Amino acid sequence: GSGSEGGARRGRRCVARLLREFGLKRATMGIKGLQWFVANACPDACTMVNLKEMAEKYHISHPDSPPVIVVDAMCCIRHWYTPESWVCGGQWQEYLVNLQDFIKAFMAADIKLVFCFDGVVEQKKRDEWVKRRLKNNKEIARIFQFLKSYRQQPGRGMFFIPSGLATFTRFALKSLGQETICSLQEADYEVASYGLQNNCMGILGQDTDYLIYNTSPYFSINNLCLDRMVTVMYSRENLCHALGLNITDLPLFACLLGNDIVPEDILEGFWRKCVASCPPKSQSYDKRANIILAVASYISRIPCSYGSLKDLEEMLPLASDKKLLYRGVESYLLPGQQSPWLPPIVSNSQILKQETAICPDQEIFQLAKEQHVRAENYMVYNVLSKGEVECSNTLEDELDTELPGQALIYRPVRQHIYSVLLESRKDTCGAYPIVKEWFVYFGNPMEQPDLVQPIQLDIPGGTPSLRTLWLTKGPEVQTLRYSMFLACFHLQDIVEEFQLLDAPVAAVCCLLIYLTLQVDSLSLEDLNAFVAHTLCLQGKSAAQLTGLQLAQVDSRAVQLGSLFIRGLTTLIMANSACGFPINMDDLMPWKVFDGKLFQEKYQQSHRGCSLEELLEGNGSLHTQFQNLKSFICKACVVKKRTIQSRRRGNGFITEMQEGGRDCSFQQAHATSFVPPYHSQNRGFQWRGPQPYFYGSEAQPSGRGHRDQRRLQGQRRRFQLAPRWPR
């Protein structure tokens, strides 16, 4: 801040060093290589700034409005999740404290934060979304290989965010009083638009697309020092100066380097021509930096017109999609902006798109949309608008043949939820519209979505309308909502028993009963661990949970923890669809789950520890433990499910059956809601009427039902022991 040339040079060197040390350790989104280029070849585009001082200056120039920073939450989640343990399912209380500290630091600087989350995956980005999910599968496989080899959590270099973290972060921020937005289109576009339209002080994130959008200043989350409130600000003006471009050239520049719309593989020939015509100026730059400089030089030498863009489209191997560059440039135009590379009539078309919804009731659809934008519901808007939903990766071991993937375990619940949401769309034959699911699970190449058939609830009087569930008031309707919620899990016959429990405990019991009925490898030891964990978690502070140390980590407990968390997201989806019979706060993981504590209880239970040790010597919990366990077991017995003892201490499995009875699936569910089971010829089947769901070629899409022709070439990979063994 001295203003001298020497001080400025030292500041730029400091920024460049920080960017190299910290900014490159985490994957950034946007244009490949641009982050490195800015940090190493264009240091003038990086300035260390003090956010508190900037806020004070903003107050002076804008006395009637507070300084606002709009936060790209998806870029920041890795930064916020700092608990040492990440593999066990999440340290949710610790994480909540981290979010509180983050918010307090900005409040102390008198800066308002607005958080924006991805609410949809746009069709033009679907291929890239799938590619990243498949890449994540490989990372998860390496994590489980490490866990089983060393029985320890891998180092931070293999860090993978806990399952459900993005979903629950939006609810956490709302519970902390923050303005939270869930996007209706690509989140980075909405973040950039919000910054521009609301004259924000800046955007906080880690995505080089924010250098391309002509919007508010862009601050780095990776380089944020919260104690001193300093970070790196990237200057698109200085970047343009260094590249010899105008700001209006940046969208075309981004497209010609390759982004989520224009794939890199069609640009390689173009890059070679650019580099040939613009030899590298420095031998210290890597290949990507030279490509960046050469592409910028090419753009600066051609006329800035729509004709030039059309010439480029003819030059590139765009196959049948000749409008790819056009759409790429257009995607960076914010409301009210135009591009000299496009015809004058083209501006802001993303906002002008007509919204088509499969929900015929506009009042209901508008309510769902508003709740979605305010981050108050989950997946409901996606079903009612496009009939298409997705779920990212879960920490699951694809080689564990006894535990199914969460996507398949909870699919029957989702089928019921879809029927609640789409009741008004049934045709004259009583058939519902198909819902497209992009869910990650073992054996799913995600070349096409799974086509899932909604399944009607088996309840007296039929399914009530969304107008009844969402808009009608009164105690009778509230009871109906609660009954509908439990019916999604096929537990509507014990509504009164559930209503006697505190809401968070009822949520846990609902999940444990459902999971026990669905997966016959769940044992008494697993149940004891979950129940003891639920009771012991009550009253524990974040500091106490932080201090909990694990001698080892069990890979099966890791997957059970992730399975439980995905169950909570299924609960909030059902709660959203049924008109919120339960307070959303009572379904949050920081109320009912801690990864390390569950690991401890799981290992204690499978070692055969006494109940006293399992409950940490707290005698007052004994009665609660027995009551909850009895409630769960009785509910399972009614469904003809007997839970067996199956101890797994140190990887050695011993089995006992209560009363010598057969402990395999013996359920007699109604045909509209039944758990999968395995037949002797392997590959799970569904009881009841077919079809429940279809793959892209009208074939069942669960594990064991993949295309037989594909299986011929991958027999060793896919024909493992059954996931739901009898």
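Residues numbered from 1 in each chain as written. Predicted model: local features only at pLDDT ≥ 70, side-chain atom pairs only at ≥ 80, totals over all residues. Heavy atoms only, no water.

1. Observations regarding the overall build of the protein
Under the convention used in this document: Each helix corresponds to a stretch of at least 4 residues labelled H or I by DSSP, and each strand to a stretch of at least 2 residues labelled E; elements are numbered beginning at the N terminus. Note that accessible areas follow from Shrake-Rupley with a 1.4 Å probe, and for residues the cover is restricted to the protein chains shown.
Secondary structure assignment for the protein yields 33 helices and 15 strands. About 30100 Å² of surface is accessible on the protein, with carbon and sulfur atoms providing 51% of the total.

2. Section: the pattern of salt bridges
As a reminder, the rule being used: By definition, a salt bridge exists where a carboxyl oxygen of Asp or Glu is found within 4 Å of a side-chain nitrogen of Lys or Arg. Relative accessibility decides the category of a residue: with a 1.4 Å probe and only protein chains considered, values under 20% of the type maximum give buried, values over 50% give exposed, and everything between is partly exposed.
This structure, assessed with the given rule, holds 29 salt bridges. Note that Arg126 and Glu388 form a salt bridge whose closest N and O atoms lie 3.8 Å from each other. You can see Arg126 sitting in helix α6 (residues 126-150) and its partner Glu388 sitting in strand β8 (residues 388-391), a full 262 residues away along the chain. With respect to burial, Arg126 and Glu388 carry one shared label: buried.

3. Overview of the sheet that holds strand β7 (residues 230-234)
Where strands meet in a sheet, backbone hydrogen bonds hold them as pairs that are either parallel or antiparallel. Convention followed: Two strands pair if DSSP finds at least two bridges between them. Working convention: axes come from line fits to C-alpha atoms, limited for helices to the stretch in contact. Angles between N-to-C directions cover 0 to 180 degrees. By definition in these notes, contact holds between two residues if any of their heavy atoms fall within 4.5 Å.
With mixed pairing, 7 strands are arranged side by side in an open sheet as β1-β7-β6-β5-β2-β3-β4. Of all the strands in the sheet, the pair left with one neighbour each is β1 (46-50) and β4 (179-182). When strand polarity is set aside, the average angle formed by the axes of neighbouring strands in this sheet is 30°. Looking at chain direction, strand β3 (residues 112-117) and β4 are connected through 4 bridges and run parallel. Considered in β4, the bridge of Cys116 is made with Ile181. Contacts from helix α3 (residues 51-61) reach β1, β2 (68-72), β6 (218-220) and β7, with the element oriented near 75° to β1.

4. Details of the packing of aromatic side chains
Heads up, the condition is: For Phe, Tyr and Trp, where Trp contributes only its six-membered ring, two rings pair if their centres lie within 6.5 Å, and the inter-plane angle classes them as stacked under 30 degrees, edge-to-face over 60, or tilted in between. Here, a charge over a ring is recorded when the distance from Lys NZ or Arg CZ to the ring centre is within 6 Å and its angle to the ring normal is within 35 degrees.
Within the structure shown, the criterion is met by 27 aromatic pairs. Aromatic side chains Tyr189 and Tyr213 sit 6.3 Å apart centroid to centroid with 70° between the ring planes, which places their arrangement in the edge-to-face category. Of this pair, Tyr189 sits in helix α8 (residues 187-197) while Tyr213 sits in the loop between α9 (209-212) and β6, and the two are 24 residues apart along the sequence. Looking at Tyr213, the relative accessible area reads 4%, which means it is buried. Here the aromatic rings of Tyr210 and Tyr213 are separated by 6.4 Å at their centres, their planes lie at 35°, and the arrangement is tilted. Classification of Tyr210 as buried rests on a relative accessible area of 0%. These aromatic residues form a ring-pair network of at least three members: Tyr81, Trp86, Trp92, Tyr95, Phe159 and Phe168. Here Lys323 stacks its cationic end above the ring of Tyr326, 4.6 Å away from the centre of that ring. For Arg414, the ring lying beneath its charged end belongs to Phe439, and the centroid distance is 4.0 Å.

5. Brief notes about the state of the cysteines
For clarity, the threshold we go by: Disulfides are defined as pairs of cysteine sulfur atoms found within 2.5 Å of each other.
The tally for this structure, following the rule as stated, stands at 0 disulfides. In this structure Cys274 is a free cysteine whose sulfur lies 8.5 Å from that of Cys278, the closest cysteine sulfur available. The exposure class assigned to Cys274 is buried, which follows from its relative accessible area of 1%. Residue Cys633 stays outside any disulfide, its sulfur separated by 6.4 Å from that of Cys636, the closest cysteine.

6. Overview of the environment of Thr47
Looking at where Thr47 falls in the secondary structure, it is placed in strand β1. Of the residues examined, Thr47 reaches a relative accessible area of 33% and is grouped as partly exposed. Taking C-alpha positions, Thr47 is 5.2 Å from Met233, a pair spaced 186 residues apart along the chain.

7. What to know about the nonpolar core
Formally: Among the buried residues, those of types Ala, Val, Leu, Ile, Met, Phe, Trp, Tyr and Cys that are joined through side-chain atoms within 4.5 Å form a nonpolar core.
Residues Phe489 and Phe498 are the most contacted members of the largest nonpolar core, which totals 151 residues. Residues in contact with Phe498, not counting those within four places in the same chain, are Tyr482, Leu486, Leu491, Ala506, Cys509, Cys510, Ile513 and Phe631. Grouped together as the second largest cluster of nonpolar side chains are 66 residues, Phe37, Leu211, Ala289 and Leu342 included.

8. Structural notes on unusual backbone geometry
Of note, Met446 is a non-glycine position whose phi angle comes to about 55°, a positive value. Note that Met446 resides in the loop between β9 (435-439) and β10 (450-452). By relative accessible area, which is 3% here, Met446 ends up buried.

9. Topic: the packing of helix α4 (residues 73-80) against helix α7 (residues 165-175)
As a reminder of what qualifies: Here the angle decides the label: under 35 degrees means roughly parallel, over 145 means roughly antiparallel, 65 to 115 means roughly perpendicular, and every other value means oblique.
Here α4 crosses α7 at 95°, and the two axes come no closer than 11 Å. For the element pair α4 / α7, the angle class is roughly perpendicular. Residues Met74, Ile77 and Trp80 of α4 touch α7, and the partners they reach there are Leu165, Ala166 and Thr169.

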